[in-house]
Amino acid sequence: MKLIKSPADLKQIKKEVLESKYGKEKMRVRVHMGTSGLASGAKEIFDFFKVELEKRSIDASVVSAGDLGYSFAEPTIEVKRPNENSVVIGNVDKLRADEIIEKYIKNGELVDGILPTNYQPLI
Amino acid sequence: MAKEKMQILVCGGTSCSDNQGEALLDNLKLELEANALENVVHVVRTGCFGLCALGPIVKILPGEIIYSKVTPDDAREIVSEHIMKGRKVERLLYTDPLTKKTLISEKDLTSHKKQLRIVLRNCGIIDPESIEDAIAHDAYEALGRVLTTKKPQDVIKIIKDSGLRGRGGGGFPTGLKWEIANRNKSDEKYVVCNADEGDPGAFMDRSVLEGDPHAVLEAMAICGYSIEADRGLIYIRAEYPLAVARLKTAIKQAHECGLLGKNIMGTGFDFDIEIRYGAGAFVCGEETALIHSMEGLRGEPTVKPPFPAESGFRGKPTNVNNVETFACISPIILRGAEWFSKIGTEKSNGTKVFALAGKINNVGLIEVPMGTTLREVIFEIGGGIRKGKKFKAAQTGGPSGGCLTEKHLDTPIDFDNLIAAGSMMGSGGLIVMDEDDCMVSVAKFFLEFTVEESCGKCAPCRIGNKRLHELLEHITKGKGVPADLDRLKNMSLVIKDTSLCGLGQSSPNPVLSTLDNFRDEYVAHVVAKKCPAGKCKDLMEYFIVSANCVGCTACARVCPVGAITGERKEPHLINPDICIKCGACMEKCKFDAIIIQ
């Protein structure tokens, strides 16, 4: 990454990243891979989505993040369909991951295990 | 976008499921099938909505309509009215307990306003290994603003005005700490981040470092600018390998793009951060012990004063703050002291992250404004007690804290109220106990931890805690006498008064607070020699109720020591002299004939 020489550079980078990464709405799967997530098998789920989404020719990005704090339901993932509110799903194993791809990602049909958002974000 | 299909979400949280939620789910499916709608409308089981007192909860999409206290018999009406005719079932609509208004949208739920994420703002949202992603979520913006538009004194004033208090345990005002460190002039000064999270059951610092490492780096640089230090050190336990790896990546990236190192953002300010590893000793969370450990010495505390702000790392002025404290800094700079000071209670501002553990349904991390009550935390956000058991106590502050009981459920949680209740904030571990937990054993468990973690430097802590533990061991073995209770109390008070550092000064807290709140339980142990919760093995006896025993011999076959005798089809007997109280027979018995006395 290029050197940031002033707060203006920082602002410029922020703008660029927001545009390139978040500007165009795209299907996104985020796997929560902190210690709690990884201990419950989040890495396997991450790999599963990477491989399977490509195999099934679905244009989506698979990204990782830290834990959301839902230790009781790890591994948890967040799925964002273009132009829709994102959904967090817990207790994801390969079986459920497959169901998520087939039902939610392809058709927008919800699956079991959705975790309602229970906090206010800092906006 | 395709037209949204109708979906019925049924809460699958433990509380709702136990409350006929499963039958409701089945009925909804049956009703849909009866109307040939099973392929058009989907029924989905969700996680807890946090509205357990009003469960089972049903939510219908689109429209986000929430129904509460739905019984299995209501399934027909929901399907025939709402699904088929699009008419809301008015009598089931959720009514907000505070505003008494019927809610239409989930977004208006008050329970959702219970949690506010400041410290955890980016955890689980950004990619912790990408500095670009962090920058896109406002990282380093506060640093830029501070370096270009503010003097060190201005920053200290903002932090002071915000009312931020140290989140590591003591609750010392952060701004004041920075001011003292700034006032002590020296050629070298240090900023230390205490990431030696040793409190059993607490893992918020780990989560922040794993999910948002740049938040900590940025805040350390801001602190460095305010106290005129150019070096930062993060003291982290080596048991957190993932947090260490992500911190290393973050430091490297920040260096590469000039956000750490020489001449940051062209302002002439230099700041560098290094990682120092700890071996995971609880006492190293104490700032003087932590500094000694970083210097390569034994992790033992020394007497304060001198405080680290005067003479810390290598004898230079050092400012030590906890991870969670640092994570609050940039939002305060970006939004202003006034914004932060409006959150929380009068003397405890902002939010606090709690790690919920123990017998609670939704274990994990939550962040609530200071002043939220224990009831809200446990029963609304935490989803209540596991298996519908009765709440008994919650330990805050880990082994240095005390327990809160039913009478404290409606006390707003903040630094001062917890101390008044005989506990402390600590780092925010919250261990929930139910009716099956024996409070004497709980106190013994925490003391066992401090006995093991005591560094051994001062006698009250090294010897006193050991003696306290022995006394508790005695009591749980049924060898205690009533006078032991006074001995426990006296010894605890002496240890508190005479120990060198915070570890010893707070280690008897679990004993004192359980003695205060659950004296009857201690008395039962020493007088009647009974453990009311049925936890202390030496105080219980397995017994076969002959009226219930059919003589199936299952218990006798499973007993590993041959303590059970009896003829087939005749009631059996347990020989208490041989029985080792493993409980295997009780698990095997299908007729509830074996009980604990």
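Residues numbered from 1 in each chain as written. Chains lettered and ligands numbered in written order. Predicted model: local features only at pLDDT ≥ 70, side-chain atom pairs only at ≥ 80, totals over all residues.

Here the focus is the pairing of strand S10 (residues 351-358) of chain B. Side-chain positions along a regular strand alternate between the two faces of the sheet. All names here are of chain B. Among the eight residues that make up S10, seven are buried, leaving the element largely enclosed by the rest of the structure. When S10 meets strand S11 (residues 364-369), the two strands line up antiparallel, connected through six bridges. Paired with phenylalanine 354 across the strands is isoleucine 366, a residue of S11. With antiparallel pairing between neighbouring strands as the criterion, S10 and S11 make up a hairpin whose turn holds five residues. (Buried ≥ 20, exposed ≤ 12 C-beta atoms within 10 Å, placed from the backbone. Helix = DSSP H or I, 4+ residues; strand = E, 2+ residues; numbered from the N terminus. Pairing = 2+ DSSP bridges.)

Moving on: the sheet that holds strand S1 (residues 7-11) of chain B. Residue and element names in this part refer to chain B. In spatial order, the strands read S2-S1-S3-S4; together these four strands make up an open sheet with mixed pairing. With one partner strand each, in any of the chains shown, strand S2 (42-46) and strand S4 (65-67) form the two edges of the open sheet. In this sheet, neighbouring strand axes are inclined to one another by 25° on average, regardless of whether the strands run parallel or antiparallel. When S1 meets S2, the two strands line up parallel, connected through five bridges. Pairing of leucine 9 across the sheet is with valine 44, part of S2. Sheet strands in contact with helix H1 (residues 14-34) are S1 and S2, and its direction is about 160° off that of S1. (Axes fitted to C-alpha atoms, helices over the stretch in contact; angles between N-to-C directions. Contact = placed C-beta atoms within 7 Å.)

Residue and element names in this part refer to chain A. Across six bridges, strand S1 (residues 27-32) lies against strand S2 (residues 60-65) in parallel orientation. The residue of S2 that forms the bridge with arginine 30 is valine 63. Here S1 pairs with strand S3 (residues 77-80) via four bridges, running antiparallel. Across the sheet, residue valine 31 finds its bridge partner in S3, namely isoleucine 77.

All names here are of chain B. Its place among the elements puts methionine 439 in helix H15 (residues 439-453). Separated by 426 residues in sequence, methionine 439 and glycine 13 place their C-alpha atoms 28 Å apart. Setting aside anything within four residues of it in sequence, one finds methionine 439 in contact with Ala393, Thr514, Phe518 and Glu521.

Counting 199 residues, the largest nonpolar core has A:Ile89, B:Leu28, B:Val216, B:Met220, B:Ile222 and B:Ala394 as its most contacted members. No other element matches helix H8 (residues 213-227) of chain B, which puts 10 residues into this core. Here B:Val216 is in contact with B:Cys193, B:Val208, B:Leu209, B:Val323, B:Phe326 and B:Ala327, once residues within four sequence places are set aside. Among the nonpolar cores identified, the runner-up in size contains 12 residues, and B:Cys549, B:Ala563, B:Ala593 and B:Ile594 belong to it. (Core = buried A, V, L, I, M, F, W, Y, C linked by C-beta atoms within 7 Å.)

Another point: helix H9 (residues 241-256) of chain B. All names here are of chain B. Given a rise of 1.5 Å per residue, 16 residues ought to cover 22 Å, and the 23 Å separating the end C-alpha atoms of H9 matches this to within 8%. Along its buried surface, H9 packs onto helix H3 (131-136), helix H7 (204-211), H8, strand S6 (231-237) and strand S8 (269-278). Glycine 258 lies just past H9 and shows a positive phi near 75°. (Expected span 1.5 Å × (residues − 1).)

Glancing now at the sheet that holds S10(B). Through backbone hydrogen bonds, the strands of a sheet pair up, either in parallel or in antiparallel fashion. All names here are of chain B. Reading across the sheet, the five strands line up as S11-S10-S14-S12-S13 and stay open at both edges, with mixed pairing between neighbours. Among the strands making up the open sheet, the edge pair consists of S11 and strand S13 (402-405). Pairs of neighbouring strands in the sheet enclose a mean axial angle of 30°, with direction left out of account. In terms of strand pairing, S10 meets strand S14 (residues 429-434) through four bridges, oriented parallel. What sits directly across from leucine 356, in S14, is leucine 430.

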